[in-house]
Amino acid sequence: RMIEGGLPTRVFYVSHGGFDTHNGQANAHAARLKQLDEALAAFMKDIKAQGAQDRVLVMTFSEFGRRVQQNASGGTDHGTAAPLFVLGSKVKGGILGEQPSLTDLDKGDLKFKTDFRSVYASVLDDWMHTPSKPILGKSFNKVALL
């Protein structure tokens, strides 16, 4: 409704919690991902119905990844690498970057292949037309998102 109403806001932030699954992860994580999937699908459908699909970009992120090995409580602890999703009519579809190995680990953590700040830099520079270096503190290689 805020986008449809023409607010001049360039960034909207929405939080969806419940992913900090240190125990009993399998069912809880699947339920959270289903909620996220349904919410994103409904949002993108609404954006398209408004005719705003060419001016809206959605990016998901988390402040932490998960470790590969399950802990004793049936969950996983905080790790380094994590996926993120970028959605929009101008986004090049598909998987970006190389999938990390589940066996070649760094002290139990995934070795990320794409620095998330490269994705941020690409969104800032190429979508928002805002210089990323002052925001991120240094320059990062951009990725082909759009």
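Residues numbered from 1 in each chain as written. Predicted model: local features only at pLDDT ≥ 70, side-chain atom pairs only at ≥ 80, totals over all residues. Heavy atoms only, no water.

Visitor: Could you clarify how one ought to interpret the nonpolar core in this entry?
Guide: In summary, soluble globular proteins display a tendency toward joint burial of nonpolar side chains. Counting residues in each nonpolar core, the largest one holds 8 residues, listed as Ile3, Leu36, Leu40, Met44, Ile47, Ala52, Val56 and Val58. Of all the elements, helix α1 (residues 25-50) adds the most residues to this core, at 4 residues. Apart from residues lying up to four places away in sequence, alanine 52 is in contact with Ile3 and Ile47. Membership of the second largest hydrophobic core comes to 7 residues, among which are Leu57, Val91, Val123 and Val143. (Core = buried A, V, L, I, M, F, W, Y, C linked by side-chain atoms within 4.5 Å. Buried < 20%, exposed > 50% of the residue type's maximum accessible area, 1.4 Å probe, protein only. Helix = DSSP H or I, 4+ residues; strand = E, 2+ residues; numbered from the N terminus. Contact = heavy atoms within 4.5 Å.)

Visitor: I'm lost on helix α2 (residues 116-127) in this one. Help?
Guide: Note on helix geometry: an α-helix contains 3.6 residues per turn, so any two residues three or four positions apart are oriented the same way. Over its 12 residues, α2 runs 16 Å from end to end, which matches the ideal 16 Å to within 8%, given 1.5 Å per residue. In this fold, the buried residues of α2 make contact with β1 (58-59), β4 (86-87) and α3 (133-136). At the C-terminal side of α2, histidine 129 shows a positive phi close to 55°. (Expected span 1.5 Å × (residues − 1).)

Visitor: Sorry, what's going on with the pattern of salt bridges here?
Guide: It is possible for side chains of opposite charge to pair when their charged atoms get near one another. Under the criterion given, the structure shown has 6 salt bridges. In this structure, lysine 34 engages glutamate 38 in a salt bridge whose closest nitrogen and oxygen atoms are separated by 2.9 Å. Of this pair, lysine 34 and glutamate 38 both sit in helix α1, 4 residues apart, roughly one helical turn. Linking lysine 113 and glutamate 98 is a salt bridge whose minimum nitrogen-to-oxygen distance equals 3.9 Å. You can see lysine 113 sitting in the loop between β4 and α2 and its partner glutamate 98 sitting in the loop between β4 and α2, a full 15 residues away along the chain. (Salt bridge = Lys/Arg side-chain N within 4 Å of Asp/Glu carboxyl O.)

Visitor: Teacher, can you tell me more about the packing of aromatic side chains here?
Guide: Two measures describe an aromatic ring pair: the distance that separates the ring centres and the angle between the ring planes. If you walk through the whole model with that rule in mind, you get 3 aromatic pairs. Taking the centre distance of 6.4 Å and the plane angle of 85° together, the rings of phenylalanine 61 and tyrosine 120 count as edge-to-face. Taken as a pair, phenylalanine 61 in the loop between β1 and β2 (65-66) and tyrosine 120 in helix α2 lie far apart in primary sequence, 59 residues in all. Taking relative accessible area as the criterion, phenylalanine 61 reaches 44% and is therefore assigned partly exposed. Considering the side-chain rings of phenylalanine 116 and tyrosine 120, the 5.3 Å spacing of their centres and the 75° angle between planes classify their relative orientation as edge-to-face. Taken together, the positions of phenylalanine 116 and tyrosine 120, both in helix α2 and 4 residues apart, correspond to about one turn of that helix. With relative accessibility at 44%, the residue phenylalanine 116 sits in the partly exposed group. (Phe/Tyr/Trp six-rings, centres within 6.5 Å; stacked < 30°, edge-to-face > 60°.)

Visitor: Just checking my understanding: could you explain the side chain of serine 132 for this structure?
Guide: As for its position among the elements, serine 132 is in the loop between α2 and α3. Residue serine 132 is classed as buried on the basis of its relative accessible area of 6%. Contacts of serine 132, omitting those with residues within four sequence positions, involve Ala121, Leu124, Asp125 and Gly137.

Visitor: Where do I start with the side chain of serine 122 in this structure?
Guide: Inspection of the secondary structure assignment puts serine 122 in helix α2. Of the polar contacts made by the side chain of serine 122, one reaches the backbone oxygen of serine 118; its length is 2.8 Å. Beyond its immediate chain neighbours, meaning those up to four positions away, serine 122 contacts Trp127, Lys142, Val143 and Leu145. (Polar contact = N/O pair within 3.5 Å; in protein donor to acceptor, adjacent residues only side chain to side chain.)

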